[in-house]
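Residue strings, one per chain:
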Amino acid sequence: MTGILEREIALAQTQDIRELARPKLRAVLDEASGVFERCSQTAKGADENLGILMPFHHGIEMLDGVEALLDASCVVASRPLLRSAHEAGWTVEYVVKEDSVRRGLCYVVGDLRERIRWYEQHDPETARGAQFAADMKLAENRDFPLPTPEDARSAAMRLRDVLAMEHFAPINAEYERTLEKRRSFPWHALFGGPGNTRELAEHVGHLDDYIVLYGAWSKTTHAVDMSRQVSKNADGRGPAVSVVRAPLGMPMAYAFACSLGARMTERVLAHYRPEELKRFSKWFLEEITPTTEKLVEMREEIAS
């Protein structure tokens, strides 16, 4: 009797696709990693570069995870990482599009404030800390590696010192003004920017990706995609539970990952090292595009 998880069968079913696509995705990630290193070394300016390079780093990291999962025939499990990589790509595109210094600093300030909030919740002398302590009293498992109140207080103080640096002052002032209007908001909402992820995707010209892909991947991320998990029995009657590591969607997952990795890399190069764009575009067109086009053609074959 075949169970819902048959690893060796899944690997055998997807061997041809993986042998075709794996080297190309790895090549895209190797290229992206090299670009990250070169741009990190030559970037002009200061903290604002973190708003480009760190999302780019995050995108590379997520797509590396996608590569590992697809090579194990874990197509569905790669969806949350593809979703996260798309957000990283939209962030990169938003910051490099215009007003890059200020937008990059907004990204950093948003991160600093979020980290300060996290440490404050572990300091019982703060309002957040008091609420956190009350909430944790209701939790059954309290054995978490959390900082001591003293360590949390010290870490928050160090972060506040960083946040108080002069070049962050205009961003902090805008953050406080925005807090008067909204209790919670993403960093890119500052200075009238996109107020949520959909608006961010639309702002950088990828609303179609948000509508078609991001929503479906979000359902998987939040465990509300039951229709994907149910199929008909072999005799045409149903329902039956789908097997884990089913190959459905693997060609497109590889194609999306290659295209997204290349798109992020191209945007970063255009911002920092435009002299490399011609070489990069020629490389991608000749070495990667023929495979991604073939993967797109295979999507119906694997679904049949």
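Higher on the page you've got the structure.
These lines cover the structure that appears in this document, whether it is placed above or below. (Residues numbered from 1 in each chain as written. Predicted model: local features only at pLDDT ≥ 70, side-chain atom pairs only at ≥ 80, totals over all residues. Heavy atoms only, no water.)

**A word on a nonpolar patch on the surface**
Keep this limit in mind: To count toward a patch, a residue needs a relative accessible area above 30% and no salt bridge. Like charges then connect within 9 Å, nonpolar side chains (Val, Leu, Ile, Met, Phe, Trp, Tyr) within 5 Å. Each accessible area is a Shrake-Rupley estimate made with a 1.4 Å probe; only the visible protein chains count as cover when residues are assessed. Here, a salt bridge means any Lys or Arg side-chain nitrogen found within 4 Å of an Asp or Glu carboxyl oxygen. Put simply, DSSP marks the helices as runs of H or I at least four residues long and the strands as runs of E at least two long, and each gets a number from the N terminus on.
A contiguous nonpolar surface patch, about 340 Å² in accessible area, is contributed by Ile-4, Leu-5, Val-241 and Val-244. For Val-244, the position within the fold is in the loop between strand E2 (240-241) and helix H12 (250-272).

**Some details on the pattern of salt bridges**
As a reminder of what qualifies: The rule is simple: take the accessible area with a 1.4 Å probe, protein chains only, and divide by the maximum for that residue type; under 20% is buried, over 50% is exposed, in between is partly exposed.
Following the criterion strictly, the structure yields 22 salt bridges and no others. Arg-267 serves as the salt-bridge partner of Glu-93, at 3.3 Å between the closest nitrogen and oxygen. Of this pair, Glu-93 sits in helix H4 (residues 79-97) while Arg-267 sits in helix H12, placing them 174 residues apart in sequence. According to the relative accessible area criterion, Glu-93 is buried, its value standing at 7%. Residue classification places Arg-267 among the partly exposed residues on the basis of a relative accessible area of 26%. Across the pair Asp-209 and Arg-263 runs a salt bridge, and its minimum N-O distance is 3.7 Å. Of this pair, Asp-209 sits in helix H10 (residues 207-221) while Arg-263 sits in helix H12; the two residues are 54 residues apart in sequence, bridging distant segments of the chain. Classification of Asp-209 as buried rests on a relative accessible area of 15%.

**Observations regarding H12**
Note the cut-off: How far a helix is expected to stretch is found by multiplying one less than its residue total by 1.5 Å.
A rise of 1.5 Å per residue sets the reference length of H12, with its 23 residues, at 33 Å; its end C-alpha atoms lie 33 Å apart and thus fit the reference within 8%. Burial runs high along H12: 17 of the 23 residues are buried.

**So, the environment of Arg-158**
Turning to its location among the elements, Arg-158 is positioned in helix H7 (residues 149-163). Separated by 123 residues in sequence, Arg-158 and Ser-281 have C-alpha atoms that sit 43 Å apart.

**Observations regarding the packing of helix H3 (residues 50-71) against H12**
Rules: Between N-to-C directions, angles cover 0 to 180 degrees, with each direction set by a line fitted to C-alpha atoms, over the stretch in contact for helices. Note on angle classes: values under 35 degrees are labelled roughly parallel, values over 145 roughly antiparallel, values of 65 to 115 roughly perpendicular, and the remainder oblique. Left-handed describes a crossing in which the near helix is turned anticlockwise from the far one by less than a right angle; the clockwise case is right-handed. Any two residues having at least one pair of non-hydrogen atoms within 4.5 Å are treated as being in contact.
One way to put it is that H3 packs onto H12 with a least axis distance of 10 Å and a crossing angle of 160°. One element, H3, and the other, H12, form an angle in the roughly antiparallel class. Both H3 and H12 take part in a crossing whose hand is left-handed. Where H3 approaches H12, its residues Ile-52, Leu-53, Phe-56, Gly-59, Ile-60, Leu-63, Val-66, Leu-70 and Asp-71 are matched on the opposing element by Met-250, Ala-253, Tyr-254, Ala-257, Leu-260, Gly-261, Met-264, Thr-265, Val-268, His-271 and Tyr-272.

**Looking at the nonpolar core**
Which entries qualify depends on this criterion: Here, nonpolar core means buried Ala, Val, Leu, Ile, Met, Phe, Trp, Tyr and Cys residues that are tied together by side-chain atoms lying within 4.5 Å of each other.
If you look at the biggest cluster of nonpolar residues, it comprises 65 residues, and the most contacted ones within it are Ile-52, Phe-56, Leu-63, Leu-82, Tyr-254, Val-268 and Leu-295. When residues no more than four places from it in sequence are discounted, the contact partners of Val-268 are Val-35, Cys-39, Ile-52, Phe-56, Val-92 and Arg-273.

Read these as spatial facts, not as claims about activity.
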